[in-house]
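What follows is the residue order along each chain.
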Amino acid sequence: MKMKFQAAFKAIDTNKSGFIECNELEAVLKTLGVTLSQEQVRSVFKAADLNGDDKLSIEEYEKLVRKAMPGTVK
Ligand SMILES: [Ca+2]
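Not measured: the values here are computed from a predicted model.

Glancing now at the nonpolar core. By size, the foremost hydrophobic cluster in this structure holds 8 residues: Ile-20, Leu-25, Val-41, Phe-45, Ala-48, Leu-56, Tyr-61 and Leu-64. Mapped by element, the contributors of at least two residues to this core are helix H3 (38-48) and helix H4 (58-68). Sorting elements by how many residues they give to this core places H3 first, with 3 residues. For Phe-45, the contacting residues outside a window of four places in its chain are Cys-22 and Leu-25.

Take a look at the structure:
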């Protein structure tokens, strides 16, 4: 399951920076059928960016997914 999550993270990280940027988060939400305004995406991103470096590490992303979709990450 951990491996699967890492694979998903890499698929989301389209520019291969090793982090998820705000535009990448927006793209993920769209593929999930969630359409949010720029401001809403920004606020989700800000809430998930725990250390405030303006990008999401895999740990930060995992916490976001766990909170947003309980049960999808084991
Ligand atoms: Ca961060």
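Back to the write-up after that little detour.
Mapped onto the secondary structure, Phe-19 falls in the loop between helix H1 (2-12) and helix H2 (22-31). Residue Phe-19 is classed as partly exposed on the basis of its C-beta count, with 18 C-beta atoms lying within 10 Å. For the pair Phe-19 and Leu-36, spaced 17 residues apart in the sequence, the C-alpha separation amounts to 21 Å. For Phe-19, the contacting residues outside a window of four places in its chain are Asp-13, Lys-55, Leu-56 and Ser-57.

Feature annotation in UniProt places "domain: EF-hand" (unreviewed entry) on residues 1-35 and 36-71, given in this structure's numbering. For residues 36-71, the end-to-end C-alpha separation is 23 Å, with 61% helix and 0% strand making up the annotated structure.

One can find Ser-37 in the loop between H2 and H3. You can call Ser-37 exposed: it has 8 C-beta atoms within 10 Å. For the pair Ser-37 and Ile-58, spaced 21 residues apart in sequence, the C-alpha separation works out to 24 Å.

Thresholds applied
- Residues numbered from 1 in each chain as written.
- Predicted model: local features only at pLDDT ≥ 70, side-chain atom pairs only at ≥ 80, totals over all residues.
- Core = buried A, V, L, I, M, F, W, Y, C linked by C-beta atoms within 7 Å.
- Buried ≥ 20, exposed ≤ 12 C-beta atoms within 10 Å, placed from the backbone.
- Helix = DSSP H or I, 4+ residues; strand = E, 2+ residues; numbered from the N terminus.
- Contact = placed C-beta atoms within 7 Å.
- UniProt positions renumbered as here; feature names shortened; annotations may be inferred.

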